[in-house]
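# Fold and contact review
Listed below, chain by chain, are the residues.
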Amino acid sequence: MTRSGRWAEWGVSLPSFVWLTVFFVVPTLIVLSIAFHAPSSDGGFASGFTMETWKAVVRTPYKEIVWRTIWISAVTTAVCILLSLPCAYSIARMNTRWRAIVAGLIMLPFWTSFIVRVFAWRTLLNPEGFLQHVLIALGLADASVSLNYNSGAILVVSVYSFLPFAIMPIYTAAEKFDFSLMEAARDLGARSFFAFRKIFLPGVKRGVVSAILMVFIPAIGSYVIPDLVGGRDSELIGNKIYQRTFPDRNLPHASALAAVMGFSVLLPLAWVAWMIKRQDAREAKRLAEATARKLSGGAA
Amino acid sequence: MKRSKFAVVVLGLVMVFLYLPIVVLVANSFNEAKFGGEWAGFTFKWYKALFSSQNHAIWEAFQRSIIVATFATFASCVIGTTAAVALHRWKGRLQSIHYGLIYTPLVMPEILMGISLLMMFTAAGIGCGLTTIWIAHTTFCVSYVAMTVLARLQDFDDRITEAAYDLGAGPFYAFFHVVLPILLPGIVAGGLLAFTLSIDDFVITFFVTGPGADTLPLKIYSMIKHSRQMPVINSLSTLMLLMTCLLVAASRLVANRRRRVRTR
């Protein structure tokens, strides 16, 4: 590259580089470093290195909160994927006009205020609210059952909030899927569900993987949902980070919890990156072998 | 061929699930009853309350949201577009680091970005307020704008820029008169996304807000938290929903018309 080319590259890259370094990389490093300090009495952090914060984080009751966050996120992800697969399948089977309408209707809630949607659920699940009345009228519950302020409520509202992000990537993959493969399988005697599992599912695998990430990551980082519909015994990491930052003013503990959250997000990301790389390598190898076979066959 | 009935039924139930809370919310905004469990008659009083002087703070918060979103959109469009141009134009080591820098904020949970910015502002002794909210919003919007513009650049024909150079244009002239007009739809799309995300953001704003700088989502949150005037939140939310639907419909209309013009 010419000298002026390199200058131009630096010049054009500079604004985003500087902005994101100052307001993204540096703050992240600050959070990590604060976790190795002790809290000071004035609500900041003391100088001097310590491992005490980390020891406290590994011990209870943080451990319980971390596990609860991970399993609620995992169940949310599983439910979202199970609901998204048939949805994406049936949207992809519609004609173009209907496809656009239904896909638009699924994404429309995403364009509306998140806090308003969680509030709508809070009212819906309220003891005086619509769902309780319906359940009592159907004889499925009485006034003593509480729909709000527990892990179940967090789960329902999380599925509600993240479902569009699971449907869309799977639908995008399903749109490119060749449905005549399913017909062929059925002509050969496969049952519908077998064809769905063995042909459709592998066909939309990439979409499913990105759907998992699109749900799992925000679920781990959830704060508003557990805060508004969760209860005292269903706190998640997000609530704890807030609590340690503001009411308790224990910044080192908040930082350590933030680091734990960061790792819980990075781990599945790294796993997916590794899987894709391995799959690409395997496909490349298979292709190379097939080519070699063809070539040697041609030679023979 | 036979369609799977099961899949269609699931889709129908999911649609009910997605719209049930919204329908109940809109219905309750016209409901005389305060708690909205039962229908007690039709009323406009929650809308009247929303526009009364008592709720002036809501509109002030709304104004602040618009101001922050406007400035954050502008800044993130400038920074995001230059980033996308750099990522598209050069493919070296520097750009792969650059790509990582742009991509990571997209997968970072909001609360982490909020707490890390708060700790930096605290460490640097910067007081929180509208400026820190603007900085935070710009930071997370840059990545979205950059990705949107980058997608648009993928079908950009680089020979057009070369032709401009051959005809004697300098790099700045070529950028502003050739590249920018072609990129404009991508930048507008990215800007719309940035504006929506900024106006809707709660978590990050919650961490970096200061006294008297509450944006609309923060205001709604504190009303929910203190169980103050719940039915007024219903009427406000209904108006917000209506606005969103109109905006989405308008952008669809514009996009369709453009497509029709292009195919002609």
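Please read these numbers as outputs of a predicted model, since none were measured by experiment.

Reading the values: the criteria
- Residues numbered from 1 in each chain as written.
- Chains lettered and ligands numbered in written order.
- Predicted model: local features only at pLDDT ≥ 70, side-chain atom pairs only at ≥ 80, totals over all residues.
- Heavy atoms only, no water.
- pLDDT = per-residue confidence, 0-100.
- Helix = DSSP H or I, 4+ residues; strand = E, 2+ residues; numbered from the N terminus.
- Patch = residues over 30% accessible without salt bridge, like charges linked within 9 Å, V, L, I, M, F, W, Y side chains within 5 Å.
- Areas by Shrake-Rupley, 256 points an atom, 1.4 Å probe, with all protein chains shown as cover.
- Salt bridge = Lys/Arg side-chain N within 4 Å of Asp/Glu carboxyl O.
- Buried < 20%, exposed > 50% of the residue type's maximum accessible area, 1.4 Å probe, protein only.
- Contact = heavy atoms within 4.5 Å.
- Buried area = accessible area lost by both parts, 1.4 Å probe.
- Polar contact = N/O pair within 3.5 Å; in protein donor to acceptor, adjacent residues only side chain to side chain.
- Nonpolar A, V, L, I, M, F, W, Y, C, P; charged D, E, K, R; others polar.
- Lys, Arg positive; Asp, Glu negative; His and termini not counted.

## Quick notes on the confidence of the model for chain B
Of all residues in chain B, 96% have pLDDT values of 70 or greater, and the mean over the chain is 90. The secondary structure element of chain B with the lowest average pLDDT is helix H11 (residues 230–263) of chain B, at 80, and the one with the highest is helix H9 (residues 203–208) of chain B, at 96.

## Section: a nonpolar patch on the surface
Residues Trp10(A), Leu14(A), Val18(A) and Val22(A) make up a contiguous nonpolar surface patch of roughly 340 Å² in combined accessible area. On the basis of relative accessibility, which here comes to 42%, the residue Leu14(A) falls in the partly exposed class.

## Section: the interface of chain B and chain A
In this complex, chain B contributes 78 residues to the contact, which on the side of chain A involves 81 residues. Both sides of the chain B and chain A interface together cover about 7200 Å² of buried area, and 81% of this is carbon and sulfur. Linking chain B with chain A are eleven residue pairs in polar contact (both at pLDDT 80 or more). Here the element with the most residues in the side of chain B that touches chain A is helix H1 (residues 5–28) of chain B; it accounts for 14 residues. A breakdown of the residues in the side of chain B that touches chain A according to their chemical character gives 56 nonpolar, 16 polar and six charged.

## Quick look at the pattern of salt bridges
Residues and elements named next belong to chain A. With the rule as written, the count across this model stands at nine salt bridges over all chains. We note a salt bridge from Asp280 to Arg206, for which the minimum N-O separation is 3.4 Å. Of the two residues, Asp280 is situated in helix H13 (residues 251–299) and Arg206 in helix H10 (residues 205–220); the sequence distance between them amounts to 74 residues. The exposure class of Asp280 is partly exposed, given its relative accessible area of 38%. According to the relative accessible area criterion, Arg206 is partly exposed, its value standing at 46%. Across the pair Arg244 and Asp248 runs a salt bridge whose closest N-O atoms are separated by 2.1 Å.

## Section: the side chain of Asp201(B)
Tracing the backbone shows Asp201(B) in the loop between helix H8 (171–200) and H9. Of the side chains with opposite charge, Arg117(A) comes closest to the buried, unpaired Asp201(B), at an N-O distance of 11 Å. Of note is the side chain of Asp201(B), whose polar atom sits 3.3 Å from the backbone nitrogen of Ile204(B). When neighbours within four sequence positions are excluded, Asp201(B) is seen to be in contact with Glu110(B), His137(B), Phe140(B) and Pro217(B).

## With respect to unusual backbone geometry
All names here are of chain A. Unusually for a residue other than glycine, Tyr149 sits at a positive phi of about 60°. The residue Tyr149 is located in the loop between helix H6 (130–137) and helix H7 (151–175) in this model. Residue class for Tyr149 comes out partly exposed when judged on its relative accessible area of 35%. In this structure, Arg249 is a non-glycine residue whose phi angle is positive, near 50°. One can find Arg249 in the loop between helix H12 (237–245) and H13.

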